[in-house]
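The lines below spell out each chain.
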Amino acid sequence: MPDAKSGSQAVHGVQTPLLNYIDNAWQKSQTNELLDVTNPATAEVLTQVPLSSADEVHQAATAAATALQEWRRTPPVERIQYLFKLKYLLEENLDDIARAITLECGKTLDEAKGEMRRAIENVEVACGIPTLMQGTNLEDIATGIDEFMIRQPVGVCAAIAPFNFPGMITFWFLPYAIACGNTYIVKPSEKVPITMQKVFQLLEQTGLPKGVVNLVNGGRETVDAILTHPEIRAISFVGATATAKAIYAKAAANGKRVQCQGGAKNPLIILPDADPQFTVNATAESAFGCAGQRCLAASLAFTVGEAQQWFTEAISDTATDRVVGNGLEDGVEMGPVITSESKTRIEGLIQAGADEGAQILVDGRHPSVPGGENGNFLRPTVLGNLNPKGEIAGTEIFGPVLGLIHVETIDDAIALVNGGRYGNMACLFTGSGASARKFRYEAEIGNIGINIGVAAPMAFFPFSGWKDSFFGDLHGQSWDAVDFFTQKKVVVERWA
Ligand code: NAD
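Residues numbered from 1 in each chain as written. Predicted model: local features only at pLDDT ≥ 70, side-chain atom pairs only at ≥ 80, totals over all residues. Heavy atoms only, no water.

1. Observations regarding a nonpolar patch on the surface
- A cluster of nonpolar side chains, namely Leu138, Ile141, Val490 and Val492, defines an oily patch on the protein surface of about 360 Å² accessible area.
- Elements with a minimum of two residues in the nonpolar patch: β7 (136-142) and β24 (486-494).
- Locating Leu138 in the fold gives a position in strand β7.
- By relative accessible area, which is 53% here, Leu138 ends up exposed. (Patch = residues over 30% accessible without salt bridge, like charges linked within 9 Å, V, L, I, M, F, W, Y side chains within 5 Å. Areas by Shrake-Rupley, 256 points an atom, 1.4 Å probe, with all protein chains shown as cover. Salt bridge = Lys/Arg side-chain N within 4 Å of Asp/Glu carboxyl O. Helix = DSSP H or I, 4+ residues; strand = E, 2+ residues; numbered from the N terminus. Buried < 20%, exposed > 50% of the residue type's maximum accessible area, 1.4 Å probe, protein only.)

2. Concerning the nonpolar core
- By size, the foremost hydrophobic cluster in this structure holds 124 residues, and its most contacted members are Tyr184, Phe200, Val213, Ile269 and Phe485.
- With 7 residues, helix α4 (residues 109-126) is the single largest residue contributor to this core.
- Counting contributing residues per domain, this core is built from domain 1 (9-262 + 469-493) and domain 2 (266-450), each supplying no fewer than three.
- Setting aside chain neighbours within four positions, we find Val213 in contact with Tyr21, Leu174, Ile178, Tyr184, Phe200, Leu203 and Leu208. (Core = buried A, V, L, I, M, F, W, Y, C linked by side-chain atoms within 4.5 Å. Domains from an automatic or database assignment. Contact = heavy atoms within 4.5 Å.)

3. Some thoughts on the domain arrangement of the chain
- The domain architecture assigned to the chain consists of domain 1 (9-262 + 469-493) and domain 2 (266-450).
- Using C-alpha coordinates to define each centre, domain 1 is positioned 31 Å away from domain 2.
- Taken residue by residue, the interface counts 21 residues in domain 1 and 27 residues in domain 2.
- Carbon and sulfur atoms make up 61% of the area that domain 1 and domain 2 hide from each other, which totals about 1,900 Å².
- Counting the surface domain 1 buries against domain 2, the share from its top three residues, Pro40, Ala41 and Ser469, is 26%.
- For the interface between domain 1 and domain 2, the tally reads 0 salt bridges. (Buried area = accessible area lost by both parts, 1.4 Å probe.)

4. Notes on the site of the ligand
- By nearness alone, 27 residues border the ligand, and Ala161, Glu190, Thr243, Gln261 and Glu396 come closest of all.
- Here Ala161 contributes a backbone N or O atom positioned 2.7 Å from an oxygen atom of the ligand.
- Note that an oxygen atom of the ligand is positioned 3.3 Å from one of the backbone N or O atoms of Gly239.
- Protein coverage of the free-state accessible area of the ligand, which is 840 Å², stands at 88%.
- Mapped by element, the contributors of at least two residues to the shell around the ligand are α8 (220-228) and β12 (232-238). (Near = heavy atom within 4 Å. Polar contact = N/O pair within 3.5 Å; in protein donor to acceptor, adjacent residues only side chain to side chain.)

5. Thoughts on the pattern of salt bridges
- Under the criterion given, the structure shown has 16 salt bridges.
- Arg118 is paired through a salt bridge with Glu121; the nearest N and O atoms lie 3.9 Å apart. You can see Arg118 and its partner Glu121 sitting in helix α4, 3 residues apart, about one turn around the helix.
- Accessibility expressed as a relative area gives 17% for Glu121, which makes it buried.
- Residue Lys250 pairs with Asp224 through a salt bridge whose shortest N-O separation is 3.3 Å. Here the residue Lys250 occupies a position in helix α9 (residues 241-253), and Asp224 occupies one in helix α8, the gap between them amounting to 26 residues.
- Judged by relative accessible area, which is 35%, Asp224 ranks as partly exposed.

The structure is reproduced here in structure tokens:
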């Protein structure tokens with residue numbers, strides 16, 4: 001647990017200012033630069049987060065590099081014992097962590113619990129490393145000569161995480177990295193750093209050796225220090241496309257292995273033969289769940305032919321009825337967006353959509369949310385007849401706003417899907433297997449849903465963004481994670 005002697009105060013089960021965790025010690029950051037961490041539902045200041053210096057990144061990288069020597073020699077079957085412990089600690093503390101997610105990120109408690117279930121699944125999959133990390137071999141590649149491919153850890157690796165899943169996203173990487181014998185540094189989003197503080201309290205309880213996992217809080221300068229540090233060999237980033245692109249270039253220029261997941265503008269296609277009620281419910285959950293702040297949130301709905309009328313009416317009613325409020329309260333279906341700046345930006349984009357010719361069918365701006373006067377609340381918004389060639393049809397809004405575009409055929413809809421710059425997710429709602437196959441085959445998108453509103457890959461599949469939603473070769477989770485966190489060594493062997 002964090003050291004009370006650090007001079008910090010405990011609030012919400014964590015110290016304030018928040019501490020770094022380096023070489024198995026909770027440390028007060030040397031920096032004087034602190035940011036407030038606020039509850040988006042109330043504007044209450046929950047704690048403060050330090051913007052750690054390059055020197056603190058250096059301390060973490062040095063600790064991780066030292067730990068690597070023993071950790072990579074620890075048998076995989078022993079390494080995963082810590083992950084088994086972590087799984088049970090996460091299960092036992094799921095409610096507490098979920099509450100922290102809701103407090104700092106705003107999503108509902110059910111959404112926060114669902115997020116942590118996805119995190120735990122990744123720990124479970126990484127427990128299979130003794131099998132997953134095996135290499136290959138072939139006897140007699142020539143007479144009396146054998147060849148082996150062995151997987152070895154890459155070294156010190158780091159994750160840089162976004163605000164919208166304060167718990168889950170680090171788990172797309174960390175369990176696989178350490179199970180493969182790497183050592184690790186996490187830099188959480190400075191907007192939501194409390195959750196990782198709690199996760200690291202649990203990692204500490206697993207008894208992992210010194211320096212195997214490290215937590216460095218911070219912002220851009222902290223990230224820059226990670227991108228340029230010579231001991232850090234591989235970087236996993238998740239965040240906005242502009243940041244992802246810049247981080248990909250800088251990390252690669254510094255000789256690092258890098259995977260960067262970026263932003264999205266996810267379309268759904270609604271065919272006339274779709275089940276109306278099911279489709280509308282799934283769309284509403286996708287577009288307005290987590291206040292539209294999922295990288296897999298539906299942002300556009302392309303209605304085909306006769307689907308336009310029933311879908312437009314029903315999604316407008318559902319958007320109007322959604323219960324908005326503090327995510328800690330029972331019955332609330334949608335919490336606030338992350339910051340007041342975000343709220344203002346989203347309101348501006350709604351207006352920009354209208355200025356480009358859209359009809360605001362449901363206007364979620366300036367809502368009245370009892371008790372939420374200081375919160376960053378919006379209500380679900382539906383923009384009808386959005387201009388498919390306008391700016392807003394191609395802009396990631398990252399808020400509870402769904403734009404409707406009507407087309408005549410599935411081919412028109414797929415052409416719009418493929419014309420977008422992002423490739424994170426697209427979904428089709430239909431009763432036709434032939435339409436489903438055509439869409440699955442032709443859509444230039446990495447995560448596809450058929451009669452699914454949020455096509456989030458399970459931990460045993462890669463999270464497969466394409467185009468401007470991903471920079472790199474190997475994705476997070478599953479086999480891709482094993483490939484990313486290992487380097488292949490080939491041995492050709494002959495004994496006389
Ligand atoms: P962000 O890019 O602003 O921040 C992500 C991380 O990068 C944070 O840790 C932040 O401290 C750091 N950062 C930000 N700007 C930086 C800079 N200029 N230099 C160095 N570091 C910088 O993203 P966000 O607002 O926290 O998250 C929302 C975005 O993440 C959305 O675009 C969303 O689509 C995307 N996202 C994508 C996925 C995916 O799987 N593709 C998943 C979740 C979120």
